[in-house]
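# Observations on the model geometry
Take a look at the letters that make up each chain.
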Amino acid sequence: MGGSAPRPRQGFLNPWTPTIGIRGRLAVPGCAVLCCPRGSTMEKGNSVMAGTIESRLAELGIDLPRPTAPAANYVPYVIGGGLVFVSGQVTMGDGGLKFRGRLGEDLSVDEGYQAARLCGLNLIAQAREAAGGDLDRIRRVVKLGGFVNCTPGFTDHPKVMN
């Protein structure tokens, strides 16, 4: 007993598993998504929904970045039990890190929103890589968390993360 966390029941996500973020930068931590088994297709009725997520992203004018290689000794994602756990993502874009600093000090709310958006796109790009290049294999997001690097008095977290 004495301070140890209770063991989770089999079949449930472990709520005591630490999420991965990077201190000192705006980062979105681990994301867990539920995927279909490799080689299967998702179906709605009798019609196969191949390419629908990619098509929707294109309609919205969203180009996913290329998944970046890990900057340290970690893997970008892990697949286990039909779930994909994506490691924390930072504001990496073409040519390097796009945003540095703290909200309320170095960055505006709009810059924070753009940084969080880039982290989210990087998460989706890693999830696509984990799904063998087919986002339609992803059935749902199980957990998504985010960290906002900000000053103690900053209170506009929802404007950044939404």
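Bear in mind the structure is a predicted one, so any value in this text is a computation, not a measurement.

## Observations regarding the environment of V142
Checked against the element boundaries, V142 lands in strand β8 (residues 138-144). Accessibility expressed as a relative area gives 37% for V142, which makes it partly exposed. Placed 57 residues apart in sequence, V142 and F85 show a C-alpha to C-alpha distance of 9.8 Å.

## Observations concerning the pairing of strand β5 (residues 83-86)
Relative to β5, strand β4 (residues 77-80) runs antiparallel, the two sharing four bridges. Bridge pairing in β5 links I79 to V84.

## Description of the pattern of salt bridges
In total, this model carries four salt bridges according to the counting rule given. Across the salt bridge formed by E59 and R56, the nearest N and O atoms sit 3.1 Å from each other. Of the two residues, E59 and R56 both sit in helix α1 (residues 52-59), three residues apart, roughly one turn of that helix.

## A word on the nonpolar core
Of all hydrophobic cores here, the largest spans 13 residues; its most connected members are L57, I62, L64, V86, L135 and I138. Those elements that place two or more of their residues in this core are β5 and α2 (109-130). In terms of residue count, α2 provides more of this core than any other element does, five residues in total. A115, A116, V148 and C150 belong to the second-largest nonpolar core, a separate cluster that totals nine residues.

Cut-offs and rules
- Residues numbered from 1 in each chain as written.
- Predicted model: local features only at pLDDT ≥ 70, side-chain atom pairs only at ≥ 80, totals over all residues.
- Heavy atoms only, no water.
- Helix = DSSP H or I, 4+ residues; strand = E, 2+ residues; numbered from the N terminus.
- Buried < 20%, exposed > 50% of the residue type's maximum accessible area, 1.4 Å probe, protein only.
- Pairing = 2+ DSSP bridges.
- Salt bridge = Lys/Arg side-chain N within 4 Å of Asp/Glu carboxyl O.
- Core = buried A, V, L, I, M, F, W, Y, C linked by side-chain atoms within 4.5 Å.

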